[in-house]
Amino acid sequence: MIVLGIESSCDETGAALISDTKGLLADALHTQIDMHRAYGGVVPELASRDHIRRVIALTDEVLYKANLKRSDISAIAVTEGPGLAGALLAGNAVAHAMGFGLGIPVIGVHHLEGHLLAARLADPAPQFPFLALLVSGGHTQILKVASFGSYELLGETLDDAAGEAFDKTAQLLDLPYPGGPAVSALAEKGTPGAIELARPMIHAPNLSMSFSGLKTSVLTAVRSAPDPKDEQFRADLARGFVDAVVDVLAAKLVRAIKMTRLNNVVVAGGVSANKQLRARLTQEVERRRGKIFFPPMRLCTDNGAMIAAAGIARMESMTEAERKALIEKISFGVRPRWPLEMLPKAALPERLTV
């Protein structure tokens with residue numbers, strides 16, 4: 001079985017091919033960073049139009065890389081939500097048109113489930129059950145993953161996601177979009193402890209988080225600085241911000257380990273590529289004799305491989321009648337808001353390989 005994965009939920013267009021026997025065959029990604037940088041963030045209408053231009057070209061690219069034809073595809077997996085409505089529609093329109101033309105099933109995939117499965121494309125791959133920390137531009141959540149499709153939300157941010165806080169801090173420091181890589185790079189030049197910032201809810205006896213207060217602390221520090229453009233001040237402030245985010249996420253993850261007694265952890269989403277966060281979480285988990293798993297670095301951001309991985313898992317859990325029903329279905333929709341807990345449970349293949 002060969003599944004084509006298509007991702008178009010926000011500002012990256014991704015396509016990938018996964019085989020149930022050979023793993024990841026090919027993947028391709030186009031990022032819209034340069035286009036959105038001039039606006040300091042994602043412009044939904046521009047994102048949607050760019051996805052329309054890229055999806056088919058990227059699909060042809062992965063087929064070429066894998067030396068396959070469209071007729072070799074067994075099914076198509078496409079991000080159905082959550083995400084920007086127009087961007088989701090762009091990917092789904094292409095996926096369903098292609099599926100209809102080829103007479104193959106089209107599976108709607110939850111974007112966050114894709115991020116969870118991206119770690120299973122690494123070697124070694126995590127085994128169930130495990131804790132998952134999803135940290136991206138729009139989501140910061142801690143989940144208990146009992147099995148594929150069985151997700152229990154244990155805690156999440158009550159306001160800004162960690163990735164949003166990175167982007168807003170980057171703006172305050174006059175750094176380019178996207179903020180995560182720029183703030184992290186600047187933080188490496190800063191002095192630890194030179195500027196202490198708020199760590200909202202770090203001591204709260206639950207797994208809820210908040211990052212809007214941290215953003216306000218950065219704003220206050222900038223406004224009160226004698227020279228906010230001083231390079232050392234900016235580096236120290238970036239370091240203070242990154243340390244605060246890492247402290248909060250580490251504290252909440254440790255609390256989740258104690259609550260659930262699960263010490264196998266998956267960290268996924270765009271922020272999981274952050275060097276400081278990886279080092280700290282690895283230290284905390286290994287100190288508790290656990291194992292921590294990250295997706296391959298290139299699969300931390302939104303990508304088609306994670307969508308194909310989720311799609312092939314769901315295909316293998318379906319009966320022939322269910323697959324046939326997907327082929328006969330001629331309508332489709334998207335879900336800009338889609339709670340992960342609403343997903344149906346399904347069996348998962350033992351291992352997916354890169």
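Residues numbered from 1 in each chain as written. Predicted model: local features only at pLDDT ≥ 70, side-chain atom pairs only at ≥ 80, totals over all residues. Heavy atoms only, no water.

**Section: the state of the cysteines**
Turning to step 1, where the next piece is worked out: On inspection of all chains with the given rule, the structure shows zero disulfides.
Turning to step 2, where the next piece is worked out: The structure places no disulfide on C10, whose sulfur is separated from the nearest cysteine sulfur, that of C300, by 16 Å. (Disulfide = S-S within 2.5 Å.)

**A closer look at helix 5 (residues 162-172)**
Turning to step 1, where the next piece is worked out: All buried positions along helix 5 are accounted for by A162, G163, A165, F166, T169 and A170. Projected down its long axis, helix 5 carries its buried residues within an arc of 155 degrees, all on one side.
Turning to step 2, where the next piece is worked out: Those residues of helix 5 hidden inside the fold are in contact with strand 7 (140-147), helix 6 (179-187), helix 7 (212-224) and helix 8 (231-260).
Turning to step 3, where the next piece is worked out: D174 sits one or two residues past helix 5 and shows a positive phi near 60 degrees. (Buried < 20%, exposed > 50% of the residue type's maximum accessible area, 1.4 Å probe, protein only. Helix = DSSP H or I, 4+ residues; strand = E, 2+ residues; numbered from the N terminus. Arc of directions from axis to C-beta. Contact = heavy atoms within 4.5 Å.)

**Considerations on empty space enclosed by the protein**
Turning to step 1, where the next piece is worked out: The final tally for this structure, using the stated rule, is one cavity of 30 Å³ or more.
Turning to step 2, where the next piece is worked out: Size it by volume and the largest cavity reaches roughly 40 Å³.
Turning to step 3, where the next piece is worked out: As for the largest cavity, its lining consists of L116, L117, R120, F128, F130, V145, F148 and Y151.
Turning to step 4, where the next piece is worked out: Taken together, the residues of the lining of the largest cavity break down into seven nonpolar, no polar and one charged. (1 Å grid on protein atoms, 1.4 Å probe; cavity = no way out; pocket = protein on both sides within 12 Å on 5 of 7 lines; lining within 4 Å. Points joined across faces, edges and corners; volume = space filled by probe spheres on them. Nonpolar A, V, L, I, M, F, W, Y, C, P; charged D, E, K, R; others polar.)

**A closer look at the nonpolar core**
Turning to step 1, where the next piece is worked out: F211, L237 and F241 are the most contacted members of the largest nonpolar core, which totals 49 residues.
Turning to step 2, where the next piece is worked out: Among the elements that take part in this core, helix 8 stands out by supplying 15 residues, more than any other.
Turning to step 3, where the next piece is worked out: Leave out the neighbours within four places in its chain, and L237 touches L173, I195, L197, V218, A221 and V222.
Turning to step 4, where the next piece is worked out: In terms of nonpolar packing, the next biggest core, distinct from the first, is built from 37 residues, F148, A268, A309 and W338 among them. (Core = buried A, V, L, I, M, F, W, Y, C linked by side-chain atoms within 4.5 Å.)

Just geometry here; none of it tells us what the structure is for.
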